[in-house]
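Take a look at the letters that make up each chain.
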Amino acid sequence: MGILSDLFRFREAGEPANRNNVEEFGAPARSLFTSTEIFTLHHRIEITDESGNVVYRAQTQFPSLHDKTDITDADGRQVAHIESKLFSLHERHFVDMADGTSFELSNELFHIINDITNIEGLGWQLRGDILALDFRLYDENDQLLANISQKFLSLHDKYCVDIYQPRYEAIIVAILVTLQHMIADREAAEASSSSSSSSSD
């Protein structure tokens, strides 16, 4: 388990924070966990706290060409609205927060292992290790805001986010949900491309 913990930093609610994260960044101020509902027409994500209480919900409209997703809090209040841009090489997504803050996520191209997504409008950057399923969110001063880890081989597409700047929690959650959509879209595109290649052979 130690080797897997070194490589994959995901943890379930109730488990101690990953020791590597604690050694590098200190103990997180708060941690949240996501699980995606499967076998449903609507793409739904629940974000829970350490005790399993639902803190946020994300739901994607179906059908939706622009992958329109709304995030609400546990009481149903609007937190953010997310839309993707069609036919964009940079996997561009637009996010409008309920408090009026708006920003865009734009993925940099030509990175084989490291994944870099610019948060335009905030000056933040999301840097990922695709092989380790580990992503770190930095602010405009290169200070760590959150560490996002994806569970290896999970049917429910689970993520853990360790938050180091809790005042930005809502924005971090919106970025987390957008990241999940970006990765899911990428995996679907790769599977479609692989299927098309196989059928042509």
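Quick note: structure is the one above.
Bear in mind that the values here come from a model prediction, so they are computed numbers and not experimental data.

Q: Residue-level account of the overall build of the protein, with values.
A: Check the secondary structure of the protein and you find three helices and 12 strands. Relative to its 201 residues, the protein shows a buried fraction of 43%. Long-range contacts, defined as pairs at least 24 residues apart, comprise 32% of the intrachain contacts of the protein with a sequence gap of at least 6. When the accessible surface of the protein is totalled, it reaches about 10,800 Å², and 53% of it is carbon and sulfur.

Q: Residue-level account of the pattern of salt bridges, with values.
A: Under the defined criterion, the tally for this structure stands at 13 salt bridges. Arg11 is the partner of Glu50 in a salt bridge, and the nearest nitrogen-oxygen pair spans 2.9 Å. Of this pair, Glu50 sits in the loop between strand E2 (44–48) and strand E3 (54–60) while Arg11 sits in the loop between helix H1 (2–7) and helix H2 (19–25), and the two are 39 residues apart along the sequence. Salt-bridge contacts for Glu120 lead to Arg92; the nearest nitrogen and oxygen are separated by 3.1 Å. Taken together, the positions of Glu120 in strand E8 (residues 114–120) and Arg92 in the loop between strand E5 (78–84) and strand E6 (93–97) put the pair 28 residues apart, joining distant regions of the chain.

Q: Explain the nonpolar core residue by residue, including any values.
A: Within the largest apolar cluster, 36 residues are counted, with the highest numbers of intra-cluster contacts made by Ile71, Phe103, Leu137 and Ile175. Residue contributions to this core peak at 10 residues, all from helix H3 (residues 169–200). Dropping the residues within four chain positions of it, Leu137 is found in contact with Ile119, Trp124, Gln125, Leu126, Gln143, Leu144, Leu145, Ala146, Ile172 and Ile175.

Q: Give me the lowdown on unusual backbone geometry, citing residues and values where you can.
A: Positive phi values are uncommon outside glycine, yet Asp142 reaches one of about 65 degrees. Considering the arrangement of structural elements, one finds Asp142 in the loop between strand E10 (134–138) and strand E11 (144–150). Asp142 gets classed as partly exposed once you look at its relative accessible area, which sits at 44%.

Q: Any details on the environment of Glu140? Residues and values, ideally.
A: Mapped onto the elements, Glu140 comes out in the loop between E10 and E11. Sequence separation between Glu140 and Leu122 is 18 residues; the distance between their C-alpha atoms is 7.3 Å. If near-sequence neighbours (up to four positions away) are discounted, Glu140 is found in contact with Leu122, Gly123 and Trp124. Within the structure, Glu140 has its side chain in polar contact with the side chain of Trp124 (distance 3.3 Å).

Q: Go over the side chain of Thr36, please, and point to the residues and values.
A: Mapped onto the secondary structure, Thr36 falls in strand E1 (residues 30–36). Within the local environment of Thr36, its side chain forms a polar contact with the side chain of Gln180, the two groups lying 3.5 Å apart.

Q: Residue-level account of the sheet that holds strand E7 (residues 102–107), with values.
A: Pairing within the closed barrel is antiparallel, and its 12 strands lie in the order E1-E2-E3-E4-E5-E6-E7-E8-E9-E10-E11-E12. Pairs of neighbouring strands in the sheet enclose a mean axial angle of 20 degrees, with direction left out of account. As defined by bridge partners, E6 adjoins E7 across four bridges and the pair is classed as antiparallel. Opposite Asp96, over in E7, you have Ser102 as the bridge partner.

Q: Just give me the short version of the side chain of Asn107, but keep the residues and values in it.
A: One can find Asn107 in strand E7. A distance of 3.5 Å separates polar atoms of two side chains, one belonging to Asn107 and the other to Asp115. Side chain to side chain, Asn107 and Thr117 meet in a polar contact 2.8 Å long.

Q: Quick one: what's the story with the pairing of E6, residue by residue and with numbers?
A: Only one face of E6 is covered, namely the face carrying His93, Val95 and Met97; the face carrying Phe94 and Asp96 is uncovered. Taken together, the five bridges between E5 and E6 define a ladder with antiparallel strand orientation. From the neighbouring strand, Glu83 faces E6, where its bridge partner is Phe94. Linking two consecutive strands that pair antiparallel, namely E6 and E7, is a turn of four residues; a positive phi of about 100 degrees is found at Gly100 within it.

What counts as what
Once a new chain begins, its residue numbering starts again from 1 and follows that chain's sequence as written. With the structure being a predicted model, the display of local features is reserved for residues of pLDDT at least 70 and the display and counting of side-chain atom pairs for 80 or more, all residues being used for whole-chain, interface and lining totals. With hydrogens and water stripped out, all remaining heavy atoms of the structure feed into the side-chain values. Put simply, DSSP H or I for four residues or longer makes a helix, DSSP E for two residues or longer makes a strand, and each gets a number counted from the N terminus. Summary of the burial criterion: residues with accessible area below 20% of their type's maximum are buried, those above 50% are exposed, and those between are partly exposed, where the area comes from a 1.4 Å probe applied to protein chains only. By the convention used here, residues are in contact when the closest approach between their heavy atoms is within 4.5 Å. Calculation of accessible area relied on Shrake-Rupley with a 1.4 Å probe; when residues are assessed, cover is drawn exclusively from the protein chains displayed. What counts as a salt bridge is simple: a side-chain nitrogen of Lys or Arg found within 4 Å of a carboxyl oxygen of Asp or Glu. To qualify as a nonpolar core, a set must consist of buried Ala, Val, Leu, Ile, Met, Phe, Trp, Tyr and Cys residues joined through side-chain atoms within 4.5 Å. Here a polar contact means two N or O atoms within 3.5 Å. Within protein one must be a hydrogen donor candidate and the other an acceptor candidate, and residues neighboring in sequence count only if both atoms are side-chain atoms. By definition, two strands form a pair when at least two bridges between them are found by DSSP. Note on method: axes are straight lines fitted to C-alpha atoms, helices fitted across the in-contact stretch only, with angles between N-to-C directions ranging 0 to 180 degrees.

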